Every structure is written in structure tokens, then in C-alpha cells.
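What follows is the residue order along each chain.
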Amino acid sequence: MGTFKIEGGHKLHGEITPQGAKNEALQILCAVLLTPDEVVINNIPDILDVNKLISLLENLGVKIQKKGKGSYSFKADDINLSYLQSEQFKTDGRGLRGSIMLVGPLLARYGKGYIPKPGGDKIGRRRLDTHFEGFIQLGAKFRYNKEEHFYGVEAKRLKGTYMLLDEASVTGTANIVMAAVLAEGQTTIYNAACEPYLQQLCKMLNRMGAKISGIGSNLLVIDGVLNLKGTEHTMLPDMIEIGSWIGLAAMTKSELTIKNVSWDDLGQIPSVFRKLGISLEKRGDDIYIPEHKEGYKIHNYIDGSILTISDAPWPGLTPDLLSIILVISTQAKGEVLIHQKMFESRLFFVDKLIDMGAKIILCDPHRATVIGHNFKSTLKSTTMVSPDIRAGVSLLIAALCAKGTSIIHNIEQIDRGYEDIDNRLRAIGAKIERM
């Protein structure tokens, strides 16, 4: 189990460039299975979860060549379908939540897709019903081996249909879209997710020859085609990492520039941080955060009541940033209620912040009230364990702000979502050591 040793209380300075978007990568990489032609993908983040998926594709028979940093070519012209029934696949697939998105393209192109019950973050239940209900509506037959927790869908040819999703699941929408692009006839998906990463997938598929309209809305119309061709695609910067660096700059009272953030795809993120009193400047396609010498003050609602920040499907605030917002609120002036609506157990890391001296009331598993210190009382260093990707980097930000030296164990969780994070933080002045 890896460990970070962090000496807190130092100001940071300089520029940091966000990695490619993890959540986009997990969709885009699976889409290479839809064509026998070469697909080139750029700005792929070098992180544990993405590398696991690339390894899965290679084991499936996809020919992969590295063309440069973050740039790979993929050619799925000779897929080994027998791997899907192997014990090795059952082991490999369980270790990655994103492996579920292999099923849609495999079903569309080969008439069968299988997956073991995937693992991933320990953040409560994240059901797969939306994925499989969509496949069934397209004409697939569902199989489930209860003893081995092994799922499967099979169909000779998928047929387009109208469907109303019971939840606007991003991965569910992506999976169904990848299945529908090669289905016979027209598929209409209502209550579809419309996150920028899903938009990126749809635009890439259209360049490959798919016919998808309604991109960016919650109503997608897909006219099935017989085959798709190759393309080249560059992924967006990771909005979660961008939010993490905004929070880090504010918490450490540091002057920081975040490069190439794709402002048009950030949605509400800048305005939510401004509600916490954090100053952001748009400089071209960069975000400049000045040194917050006097701290930052949380805005109340216009009637004077306490601000509530909650997550919601796009264009609402992404749930992955709530833990970051909670941490930076601990040093703000004022109070805020954090309401995590979309996932379970994501607030259960607050006990570690309380141990560091934060004033947080955990109201229930989904809500926490934070009373900010206004930097009058600094967080104390401590030893802690990273429970998942987002909580892990939130604790890292807290440690960089805290007085003294903190230890974070189980940093493999952080490595699953953040590329070379310790070296990039050291480049802007952080005192962090990987042990």
C-alpha cells in the first residue's frame, strides 16, 4: 500500500495543466471496438483505471501502438471473443468500474457482450439496470450467472426503438448509444445524459459515420448504420482535476494558473466556486486564481439563508467535486450545507477532516454542514487512509493546507484518477513525497 508524506502550510505558485478527462477516456476507449479501422486518441491520461482498460482492450485482441505522450492508435480488426469467457477476463473486469462500457460496442458489432460485476470506488451502490434495460429494449437477451456474478447480453441484430431512461446515467447513456449506432432503424433516447464527455463521444461517433442528433440535449435520436470507420479524437481536460486545483489554490492562499481548461465545457463549476468567495479570472482558455490573502467568504442566498451546494445531472454540478468543495469550505468565512444527492457514502470521509480540526456536522449520510474557520484556526496534520479517488485528493488538499506533516495511506486510490500527481504538485512548490 503506497503512502504520501505531505508537509503542509506552504504556498504554491506557477502553472499546472490538467490531464485528459478520465470519465471521457473510459467511454472513448471502449468505442474503438465499433470499427475494424484505426482510431487515434490523444490526451489520454496516464492513470491506473485508464491503463487497466487499455490492458483489457489489448487482451481482447485490439492492436495498440503508443504514438507519443497520451497518444495511442487502436485497431480492433481481429477481436478474440473467447477472452470474454475466460477466468482472466472475469478477474480483470472486476477491478474496473468502467469495464461495463465494453458491453455496448461488443453487443453492437459482435452480437454478444459479457462482463463480471465490476468493482471501483466504494461509494455505495451504482446499479447497472439502466445499461441492461436499454440493451433489452434494443432486442438483446439478458443472461446472469448468479454464482459467478457474471452478466451477459446477446442479439443477432439490434433494432432501434424509443426508450425513456429511468435515470440520466452517463455511463448508461454512453453504453446504449454505442449499441444503437449499429442497430437497425432509429433509436430515440429520452432522459439521456448530456455531460460534455457524452457529447464528446457522440461527436466522435458521428465522425466515424454514425448518425446522432440532439447532442447536448436529453433527447438523442440515433439512425443506425451498417458500419463505422476510423477517426482521430482529442479528449477534453478533466473538469474534476480543474476543480481540484481551484480548491487547492484557495486553501493554500496560492497564486495559480490552470492552463487550457476548455472554459466552454466547465458549466457551473466556475460560478459555484465564486459562490464560495473564490476569485477566478478567465485569461484566454486559462483560469487564473490570485492569492487569497484575506481568505474567501461564502455567499448567502439573497434572503440571508445559508447556501446549499448540491450535485445534479448535467448541467448541474458534478458529484465528483462535492468532496473538494466540502474541504475548501472548512477554511472559508461563513457556513454552507453540502448535499450529496446522487451517490451514497461519499461524505463518510469527513471524520478525518474533523480529526484535523474542521468544524463539520454530518447531518445524515447525504448532508453535511460546514462552519468555516476563516483561516483563524488551521487544520492539524494527521495520518489517514484514502477511501476513494475523490475523497483521497480532498484529503491531500487538506494536508497541503494543514500545519505539520500528514501521512496518507492507500494512495493507489488517488493514482486511479490523477496522473503523476506528486511530481506535478512538487513543480508548483508542494512538499510531498511518495513513500
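You'll find the structure just up there.
A brief look at the structure comes next. (Residues numbered from 1 in each chain as written. Predicted model: local features only at pLDDT ≥ 70, side-chain atom pairs only at ≥ 80, totals over all residues. Heavy atoms only, no water.)

1. Thoughts on the packing of aromatic side chains
Rules: In summary, the pairing rule links any two rings of Phe, Tyr or Trp, Trp by its six-membered ring, whose centres are within 6.5 Å, and it sorts them by plane angle into stacked for under 30 degrees, edge-to-face for over 60 and tilted for everything else. With a 1.4 Å probe rolled over the protein chains alone, any residue whose accessible area is under 20% of its type maximum counts as buried; one over 50% counts as exposed, and the rest are partly exposed. Only Lys NZ and Arg CZ are tested; either one counts as a charge over a ring when it is within 6 Å of the ring centre and within 35 degrees of the ring normal.
Counting across every chain of the model gives 10 aromatic pairs. Taking 5.2 Å as the distance between ring centres and 65 degrees as the angle between the ring planes, the aromatic pair formed by tyrosine 83 and phenylalanine 89 counts as edge-to-face. Each member of the pair, tyrosine 83 as well as phenylalanine 89, carries the same accessibility label: buried. Every member of this aromatic cluster is reached through a ring pair, and the members are Phe132, Phe135, Phe142, Tyr144 and Tyr151. The ring centre of phenylalanine 150 lies 5.1 Å from the NZ or CZ of lysine 90, which sits over that ring. A cation over an aromatic ring shows up here: arginine 283 above the ring of tyrosine 288, its NZ or CZ 3.8 Å from the ring centre.

2. Describing the packing of helix α1 (residues 22-31) against helix α7 (residues 196-207)
Operational definition: Simply put, an axis is a line fit to the C-alpha atoms, just over the touching stretch for a helix, and the angle between two N-to-C directions goes from 0 to 180 degrees. Here a strand is any run of E in DSSP of at least two residues, a helix any run of H or I of at least four, and the numbering for each starts at the N terminus. Here roughly perpendicular refers to angles of 65 to 115 degrees, roughly parallel to angles under 35, roughly antiparallel to angles over 145, and oblique to all remaining angles. Definitions for this section: a left-handed crossing has its near helix turned counterclockwise from the far helix by less than a right angle. A right-handed crossing has that turn clockwise. In this description, contact between two residues means that some pair of their heavy atoms is separated by no more than 4.5 Å. Residues are grouped as follows: Ala, Val, Leu, Ile, Met, Phe, Trp, Tyr, Cys and Pro are nonpolar; Asp, Glu, Lys and Arg are charged; all remaining types, including Gly, are polar.
Look at α1 against α7: their axes get within 9 Å of each other, and the N-to-C directions meet at 25 degrees. Judged on the interaxial angle alone, α7 and α1 are roughly parallel. Crossing hand, α1 versus α7: right-handed. Contacts between α1 and α7 pair Asn23, Glu24, Gln27, Ile28 and Ala31 from the former with Tyr197, Leu198, Gln200, Leu201, Met204 and Leu205 from the latter. The residue makeup of the contact of α1 with α7, split by class, is seven nonpolar, three polar and one charged.

3. Quick word on the environment of phenylalanine 142
Looking at the element boundaries, phenylalanine 142 is found in strand β7 (residues 141-145). Classification of phenylalanine 142 by relative accessible area gives partly exposed; the value is 39%. Along the backbone, phenylalanine 142 and valine 153 are 11 residues apart, and their C-alpha atoms lie at a distance of 4.6 Å. The contacts of phenylalanine 142, once residues within four sequence positions are left out, are Phe132, Ile136, Tyr151, Gly152 and Val153.

4. Considering the side chain of histidine 292
Within the fold, histidine 292 resides in the loop between β16 (286-289) and β17 (307-310). For histidine 292, a relative accessible area of 5% corresponds to the buried category. Aside from chain neighbours lying at most four places away, what touches histidine 292 is Lys253, Gly277, Ile278 and Ser279.

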